[in-house]
Amino acid sequence: MARNKHPEETVNRILTTAFRLFMEKGYEHTSVQEIIDNLGGLSKGAIYHHFKSKEDILVAVSDRMTAESNRMLARIRDRCDLNGKEKLKTIFKASINRPVQNDIFTVAPDFHNNPKLLFSLLHDTIDNVAPDYILPIIEQGIADGTIETEYPEQLAELILLAANVWMNPMIFDSTVEESCRKFMIFSQMLQGFGLDIVDDEMLGRLKELAAIYQKSK
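Just so you know, these numbers come straight off a predicted model, no measurement behind them. (Residues numbered from 1 in each chain as written. Predicted model: local features only at pLDDT ≥ 70, side-chain atom pairs only at ≥ 80, totals over all residues. Heavy atoms only, no water.)

1. Focus on the overall build of the protein chain
Within the protein chain, the secondary structure is distributed over 11 helices and 0 strands. When the helices and strands of the protein chain are read in sequence order from the N terminus, they spell out α-α-α-α-α-α-α-α-α-α-α. Oriented by its inertia axes, the alpha-carbon framework of the protein chain measures out at about 65 × 40 × 25 Å. Looking at the 217 residues of the protein chain, the share that counts as buried comes to 44%. Expressed as a percentage of contacts within the protein chain between residues at least 6 apart in sequence, the contacts between residues at least 24 apart total 67%. Split by element, the accessible area of the protein chain, about 11,600 Å² in all, is 54% carbon and sulfur. (Helix = DSSP H or I, 4+ residues; strand = E, 2+ residues; numbered from the N terminus. Buried < 20%, exposed > 50% of the residue type's maximum accessible area, 1.4 Å probe, protein only. Contact = heavy atoms within 4.5 Å. Areas by Shrake-Rupley, 256 points an atom, 1.4 Å probe, with all protein chains shown as cover.)

2. Considering helix α5 (residues 84–97)
Side chains of residues three or four places apart in an α-helix project in the same direction, reflecting 3.6 residues per turn. The terminal C-alpha atoms of α5, which comprises 14 residues, lie 20 Å apart, in line with the 20 Å expected from a rise of 1.5 Å per residue. Those residues of α5 not exposed but buried are Gly84, Lys87, Leu88, Ile91, Phe92, Ser95 and Ile96. An end-on view of α5 places all buried positions within 150° of arc, on one side of the element. Its side-chain oxygen 3.2 Å from the backbone nitrogen of lysine 85, asparagine 83 forms the N-cap of α5. (Expected span 1.5 Å × (residues − 1). Arc of directions from axis to C-beta. Polar contact = N/O pair within 3.5 Å; in protein donor to acceptor, adjacent residues only side chain to side chain.)

3. With respect to helix α6 (residues 100–107)
Looking only at α6, the buried set comprises Val100, Gln101, Ile104, Phe105 and Val107. Summarising the axial view, the buried residues of α6 lie within an arc of 155°, below the 170-degree limit, and thus occupy one face. On the buried face of α6, the contacting elements are α1 (7–25), α4 (54–77), α5, α9 (169–172) and α11 (200–216). Where α6 ends, the next residue or the one after it, alanine 108, has phi of about 45°, a positive value.

4. Focus on the environment of proline 115
Its place among the elements puts proline 115 in helix α7 (residues 115–144). When its relative accessible area of 58% is taken as the criterion, proline 115 is described as exposed.

5. As for the pattern of salt bridges
All chains considered together, the criterion is met by 10 salt bridges. Notably, a salt bridge pairs lysine 93 with aspartate 199, separated by 3.3 Å at the nearest N-O pair. Of the two residues, lysine 93 sits in helix α5 while aspartate 199 sits in the loop between α10 (176–192) and α11, which places them 106 residues apart along the sequence. In this structure, the salt-bridge partner of glutamate 177 is arginine 181, at a minimum N-O distance of 3.0 Å. Of this pair, glutamate 177 and arginine 181 both sit in helix α10, 4 residues apart, which is roughly one turn of the helix. Overlapping salt bridges, with partners in common, bring together Lys89, Lys93, Asp199 and Glu201 in one network. (Salt bridge = Lys/Arg side-chain N within 4 Å of Asp/Glu carboxyl O.)

And the structure:
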């Protein structure tokens with residue numbers, strides 16, 4: 001068999017096709033064979049050359065979406081017209097309103113049966129997003145007087161773990177009502193740090209995403 005001269009093209013074809021099928025059918029209801037059948041003649045061997053399992057494909061699809069999210073976070077982090085507190089609010093609003101969130105909640109992967117995927121989310125949150133994007137903003141807020149804490153690293157991790165993991169209905173299979181209650185506690189927790197940065201508009205958006213997830217299960 002001729003050697004693949006364009007491995008990046010092949011990977012992009014696999015991920016684009018897998019993403020579309022995950023959107024249409026849901027992750028749990030899409031098989032590797034269905035991905036192969038929609039690749040226009042690409043062999044099973046070609047897929048398994050790049051990905052060991054369907055979970056690996058989902059992780060790669062998620063990484064592509066995360067890359068865009070990180071670019072958005074960097075743009076807000078580096079703005080010069082906002083103080084630290086304003087940047088945190090802007091990040092929350094922009095993150096929850098990204099159109100790709102609808103796609104993610106439509107895929108609705110089963111985190112209970114995918115510990116590798118859950119670990120990937122936790123790893124990215126603690127090792128990448130918290131120190132690279134949220135911590136610099138908190139440190140700026142401390143410097144400009146809009147955020148008060150003696151533990152900026154831990155606050156950055158706490159905020160992200162609560163927002164990305166504890167409040168994520170896909171991880172705990174939360175109903176819309178349960179998601180709303182978690183949001184209210186999250187809001188109260190932030191206010192305890194002097195951070196009144198979440199509002200009713202964000203609550204409405206969380207309800208919408210939780211409803212998309214419940215419908216996609």
